[in-house]
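So the chains spell out like this:
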There are 2 protein chains.
Amino acid sequence: MEIAILLFDRMTTLDAVGPYEVLSRLPGATVKMVAKAVGPQRNDTGSLALVADYALDEVTAPDIVLIPGGPGQTALMDDQAILQWVRQAHQTSKWTTSVCTGSLVLGAAGLLQGLPATTHWLAYDALRALGAEPTEQRVVSAGKIITAAGVSAGIDMALTLAARECGDAIAQSIQLGIEYDPQPPFNAGAPSKAPSEIVARLRNRSRFILQGR
Amino acid sequence: MEIAILLFDRMTTLDAVGPYEVLSRLPGATVKMVAKAVGPQRNDTGSLALVADYALDEVTAPDIVLIPGGPGQTALMDDQAILQWVRQAHQTSKWTTSVCTGSLVLGAAGLLQGLPATTHWLAYDALRALGAEPTEQRVVSAGKIITAAGVSAGIDMALTLAARECGDAIAQSIQLGIEYDPQPPFNAGAPSKAPSEIVARLRNRSRFILQGR
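About the criteria used
Residues numbered from 1 in each chain as written. Chains lettered and ligands numbered in written order. Predicted model: local features only at pLDDT ≥ 70, side-chain atom pairs only at ≥ 80, totals over all residues. Heavy atoms only, no water. Helix = DSSP H or I, 4+ residues; strand = E, 2+ residues; numbered from the N terminus. Rg over C-alpha atoms; globule rule 2.2 N^0.38 Å. Buried < 20%, exposed > 50% of the residue type's maximum accessible area, 1.4 Å probe, protein only. Contact = heavy atoms within 4.5 Å. Lys, Arg positive; Asp, Glu negative; His and termini not counted. Charge placed at Lys NZ, Arg CZ, Asp CG, Glu CD. Axes fitted to C-alpha atoms, helices over the stretch in contact; angles between N-to-C directions. Left-handed = near helix turned anticlockwise from the far one by under 90°. Nonpolar A, V, L, I, M, F, W, Y, C, P; charged D, E, K, R; others polar. Buried area = accessible area lost by both parts, 1.4 Å probe. Salt bridge = Lys/Arg side-chain N within 4 Å of Asp/Glu carboxyl O. Polar contact = N/O pair within 3.5 Å; in protein donor to acceptor, adjacent residues only side chain to side chain. Expected span 1.5 Å × (residues − 1). Pairing = 2+ DSSP bridges. Least-squares fit on C-alpha atoms with pLDDT ≥ 70 in both.

A. Expanded view of the overall build of chain A. Looking only at helices and strands, chain A features 8 helices and 11 strands. For 213 residues, the compact-globule estimate of 2.2 N^0.38 gives 17 Å, and chain A sits close to it at 16 Å. Each principal axis of the C-alpha atoms in chain A carries an extent, and together these give about 45 × 40 × 40 Å. Classification of the 213 residues of chain A by burial places 60% in the buried group. Of all intrachain contacts in chain A linking residues separated by at least 6 positions in sequence, the fraction that spans at least 24 positions is 62%. The positive charge centre, built from 17 side chains, and the negative charge centre, built from 20, are 6 Å apart in chain A.

Here's what the structure looks like:
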């Protein structure tokens, strides 16, 4: 089973690596890190680069496609080579997936028209503008398209996908292998749960970021 | 605040990237990915490389040190250059931390003698053999040393550290930013919670791996 994970400059690293850690452990999985050009892709904070081993035209019919998010996704949404690759891969994929604002790339490629989908909680409006129905769930399925909420949600999405593709026992075995028994020290991981002043501050900051585009 | 994350061949990627995603968002953080030699370090499954931007001698007094784990940690435990770097960094660090079997490297460097610590649940015996007291908690503190359990536990460890270093509000803001509101589809992330036959299978497989060293 071929799994293609798209890398790009200014991506959010955990968007890609969270599900990578699950999907790369599927029986028979071959994971290919793909980018517009082979080589290091530097992340959103600039302090970490992941290497893409494959160019777009080397991976044209993966079984699973995964599009991570991050500020760099904005540039991807106007990049016809990327959008064409996403559309083509989706034609033959078994599963087309995204994490965080990666769903905006699926949307820009025209794949989410009228479909329920999710994204980072700060990007619901942008997702709606692309024709999708933003859904406040951590993992949203619409046929073979599965979208995950912000950043860390990719781990839950990948375990869900692992179970659908290979059965519950395999998914549970992977969960145990990566000891995914989360115990965050706070219950602040969603806007409905975090202190309201913290939610407001992040909303404000994201407004500045969007204006600065 | 300078944060050094050690990279090495055959590491487990999420061990490094989970806490990276939290710590890189601390106010004033400068994260440096460090390895024995600058350049790509390929992970345990072989399908993903992370780039080290700094060699060991370029980062000698970080405020926070983080040692991830993964099969490649075995080679590190006999590598005097690595062990010497870990000891030296620990002398002046504010926090010395590990994820998964990264704690075995701290142990091999002599830093865990008589201290409570944790590691991947399959590696308790190896941790004990290095003089530590294996502790079945997800995040274990002993003075300025903080060790995390397997792979994904690094996220919880880093949020704990974020709160200690910068206060609860900053940690909660980071948690909300990465939307860390975990909802795994199964409750199988610890040996006490997973189906017993799955636990047994992983124990067996790890025995083969250890024999194959």
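B. Structural context of the packing of helix α1 (residues 13-23) of chain A against helix α1 (residues 13-23) of chain B. Packing of α1(A) against α1(B) leaves a shortest axis separation of 9 Å and a crossing angle of 145°. The chirality of how α1(A) crosses α1(B) is left-handed. Across from Thr13(A), Leu14(A), Val17(A), Gly18(A), Tyr20(A) and Glu21(A) in α1(A), the residues of α1(B) making contact are Thr13(B), Leu14(B), Val17(B), Gly18(B), Tyr20(B) and Glu21(B). The residue inventory of the contact of α1(A) with α1(B), partitioned by class, reads 6 nonpolar, 4 polar and 2 charged.

C. Structural context of the interface of chain A and chain B. With 64 residues of chain A in contact, the opposing surface of chain B contributes 64 residues. Contact between chain A and chain B buries roughly 5,400 Å² in total, counting both sides, with carbon and sulfur atoms accounting for 59%. Among the residues of chain A in contact with chain B, Leu176(A), Glu179(A) and Phe186(A) are the three that bury the most area, contributing 15% of the side total. Our count for the chain A to chain B interface comes out at 4 salt bridges. Asp53(A) is the partner of Arg42(B) in a salt bridge, and the nearest nitrogen-oxygen pair spans 2.9 Å. At the junction of chain A and chain B, the tally comes to 40 residue pairs in polar contact (both at pLDDT 80 or more). For the side of chain A that touches chain B, the secondary structure elements donating two or more residues are α1, β2 (30-35), β3 (39-42), β4 (49-52), α6 (153-166), α7 (168-177) and α8 (196-211) of chain A. At 8 residues, α7(A) tops the list of elements feeding residues into the side of chain A that touches chain B.

D. Looking closely at α6(A). All names here are of chain A. An ideal rise of 1.5 Å per residue puts 20 Å on 14 residues; α6 measures up with 20 Å between its terminal C-alpha atoms. Buried residues dominate α6, accounting for 12 of its 14 residues. Of all the residues in α6, the buried ones are Ala153, Gly154, Ile155, Asp156, Met157, Ala158, Leu159, Thr160, Leu161, Ala162, Ala163 and Glu165. Looking one or two residues past α6, Gly167 carries a phi angle of roughly 100°, positive in sign.

E. Structural detail: the sheet that holds strand β1 (residues 2-6) of chain A. Residues and elements named next belong to chain A. Across the sheet, 7 strands lie side by side as β5-β2-β1-β6-β7-β11-β10; this open sheet has mixed pairing. Among the strands making up the open sheet, the edge pair consists of β5 (54-55) and β10 (139-142). Here 4 bridges tie strand β6 (residues 64-67) to strand β7 (residues 95-99), and the two strands are oriented parallel to one another. Across the sheet, Ile64 pairs through a bridge with Trp95, a residue of β7. Where helix α3 (residues 80-92) meets the sheet, it contacts β1, β2, β6, β7 and β11 (145-148), and its direction lies at approximately 150° from that of β6.

F. Geometry of the relation of the copies chain A and chain B. The transform that puts chain A on chain B rotates by 180° and translates by 0.0 Å along the axis, for an RMSD of 0.0 Å. Taken together, these values place the two copies in the relation of a two-fold axis. Scanning chain A for the C-alpha nearest the rotation axis identifies Leu50(A), at a separation of 2.3 Å. Residue by residue, 100% of the interface of chain A is reproduced at the interface of chain B, so both copies engage with the same surface.

G. Expanded view of the sheet that holds strand β11 (residues 145-148) of chain B. All names here are of chain B. What the 7 strands build is an open sheet, ordered β5-β2-β1-β6-β7-β11-β10; its pairing is mixed. Two strands lie at the open edges of the sheet, namely β5 (54-55) and β10 (139-142), each paired on one side alone. The pairing of β10 with β11 spans 4 bridges and is classified as antiparallel. By the bridge assignment for β11, Ala142 is matched with Ile145. Relative to the sheet, helix α3 (residues 80-92) contacts β1 (2-6), β2 (30-35), β6 (64-67), β7 (95-99) and β11, its axis offset from that of β6 by approximately 150°. Together, β6, β7, β10 and β11 form the strand contacts of helix α6 (residues 153-166), whose direction differs from that of β7 by roughly 165°.

H. Fine view of the pattern of salt bridges. For the coordinates displayed, the defined rule picks out 16 salt bridges over all chains. Put simply, Lys193(A) and Asp181(B) hold a salt bridge, and the shortest N to O gap is 2.7 Å. Residue Lys193(A) is located in the loop between α7 and α8, and its partner Asp181(B) is located in the loop between α7 (168-177) and α8 (196-211); the two belong to separate chains. With relative accessibility at 11%, the residue Asp181(B) sits in the buried group. A salt bridge links Lys32(B) to Glu2(B); its shortest N-O distance comes to 2.9 Å. One end of the pair, Lys32(B), is in strand β2; the other, Glu2(B), is in strand β1, and 30 residues separate them in sequence.

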